[in-house]
Amino acid sequence: MAEWGNMSKTVVAITGPRKGAFGPRFMVSCAVRWYGAKPLHIRPGDDIQTLQYDAVVVTGGHDIDPVLYAAEPEVHPKYDPERDTLESAVIDDALVRGLPLLGICRGAQLLNARRGGNLFQDLKSHRRLTSNRRTILPLKTLLPESNSFLSKLLRTDRCKINSLHNQAIDRVGTDLQVSGLDLDGIVQAIEDPGHAFLIGVQWHPEFLLFNGRQRRLFGALIKAARH
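Residues numbered from 1 in each chain as written. Predicted model: local features only at pLDDT ≥ 70, side-chain atom pairs only at ≥ 80, totals over all residues. Heavy atoms only, no water.

(A) Geometry of the pattern of salt bridges. Evaluation of the coordinates by the stated rule reveals seven salt bridges. Among the ionic pairs, R106 bridges to D84, the shortest N-O distance being 2.8 Å. Taken as a pair, R106 in helix α3 (residues 106–114) and D84 in helix α2 (residues 81–97) lie far apart in primary sequence, 22 residues in all. Both residues of the pair, R106 and D84, belong to the buried class. A salt bridge links D92 to R114, with the shortest nitrogen-to-oxygen separation between them at 2.7 Å. A residue pair is termed long-range when its members are at least 10 positions apart, and D92 in helix α2 and R114 in helix α3 qualify at 22 residues. (Salt bridge = Lys/Arg side-chain N within 4 Å of Asp/Glu carboxyl O. Helix = DSSP H or I, 4+ residues; strand = E, 2+ residues; numbered from the N terminus. Buried < 20%, exposed > 50% of the residue type's maximum accessible area, 1.4 Å probe, protein only.)

(B) Looking closely at the packing of α2 against α3. Taken N-terminus to C-terminus, the directions of α2 and α3 make an angle of 65 degrees; their axes are 10 Å apart at the nearest point. Handedness of the α2/α3 crossing: right-handed. Contacts between α2 and α3 involve R83, D84, E87, S88, I91, D92 and L95 on the former and, on the latter, R106, G107, L110, L111 and R114. In the contact of α2 with α3, the residues fall into four nonpolar, two polar and six charged. (Axes fitted to C-alpha atoms, helices over the stretch in contact; angles between N-to-C directions. Left-handed = near helix turned anticlockwise from the far one by under 90°. Contact = heavy atoms within 4.5 Å. Nonpolar A, V, L, I, M, F, W, Y, C, P; charged D, E, K, R; others polar.)

(C) Highlighting the environment of A13. With respect to the helices and strands, A13 occurs in strand β1 (residues 11–15). Residue classification places A13 among the buried residues on the basis of a relative accessible area of 0%. Considering only alpha carbons, one finds A13 and V32, 19 residues apart in sequence, at a separation of 9.8 Å. Contacts of A13, omitting those with residues within four sequence positions, involve L40, I42, Y53, A55, V56 and V57.

(D) Representation of helix α5 (residues 212–225). The end-to-end C-alpha separation of α5 is 20 Å, in line with the 20 Å expected for 14 residues at 1.5 Å each. The buried fraction of α5 amounts to ten of the 14 residues, a majority that puts the element mostly inside the structure. Elements that come into contact with the buried residues of α5 comprise β1, α1 (22–34), β3 (55–58), β4 (101–104), α4 (149–154) and β7 (159–163). Measuring from the backbone nitrogen of R213 back to the side-chain oxygen at the start of α5 gives 2.8 Å, which picks out N211 as the cap. (Expected span 1.5 Å × (residues − 1). Polar contact = N/O pair within 3.5 Å; in protein donor to acceptor, adjacent residues only side chain to side chain.)

(E) Structural view of the sheet that holds β7. Read from one edge to the other, the open sheet built from nine strands follows the order β2-β1-β3-β4-β11-β10-β9-β6-β7, with strand pairing classed as mixed. The open sheet is flanked by β2 (38–42) and β7, the only strands paired with a single partner. Strand after strand, the sheet turns through a mean of 30 degrees between neighbouring axes, direction not considered. Sheet topology note: the β3/β4 ladder contains three bridges and is parallel. Across the sheet, residue V58 finds its bridge partner in β4, namely G103. Contacts from α2 reach β1, β2, β3, β4 and β11 (198–201), with the element oriented near 145 degrees to β3. Contacting β3, β4, β10 (187–191) and β11, α3 crosses the sheet at an angle of about 115 degrees to β4. (Pairing = 2+ DSSP bridges.)

Rendered as structure tokens:
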């Protein structure tokens, strides 16, 4: 397969909680291996200074603590502070080193927070045209912004995505721009046009690997890591 290329030495760090999240980890690993790269799972307690990797995927999971974007809690979901600490360090390291990074769901939210942005803590009141139901099925609509990197990557001005999130990006962080919205105008994707590959998506492309358009997110990440 041409997609495998010469990527066998590319290592992709995949972050997640200390325990659990087997499904997302496994599916992201499958996507990484699909393009011939090697997954490296990173968990709280790991010393990232001793690890070597060429790109990063920050996976989804529990909501991030509002303290990370200097806000008071409006809702009281389950937080994972040790994961917040680890992934904040991984994101900051990737930003400093210029590593390609894909943030998925909470990963996109944390990326935005590390760049000084903030979040809507509860989306129900912002929904008008889109259901607030969480599902891994592609039942919601993404509208990529024209001329964005995401639009060029997905090669469409409208496609279906899934949704498992309760929070979403409100104010966009420094040097980030909105690259996709849903039908309610809620941010579904952000990117940094000055970075080789720095994208955050609110949906879970790892659960949509049957769709070649969604796989391209991982392929482009790994391609960027090789240059």
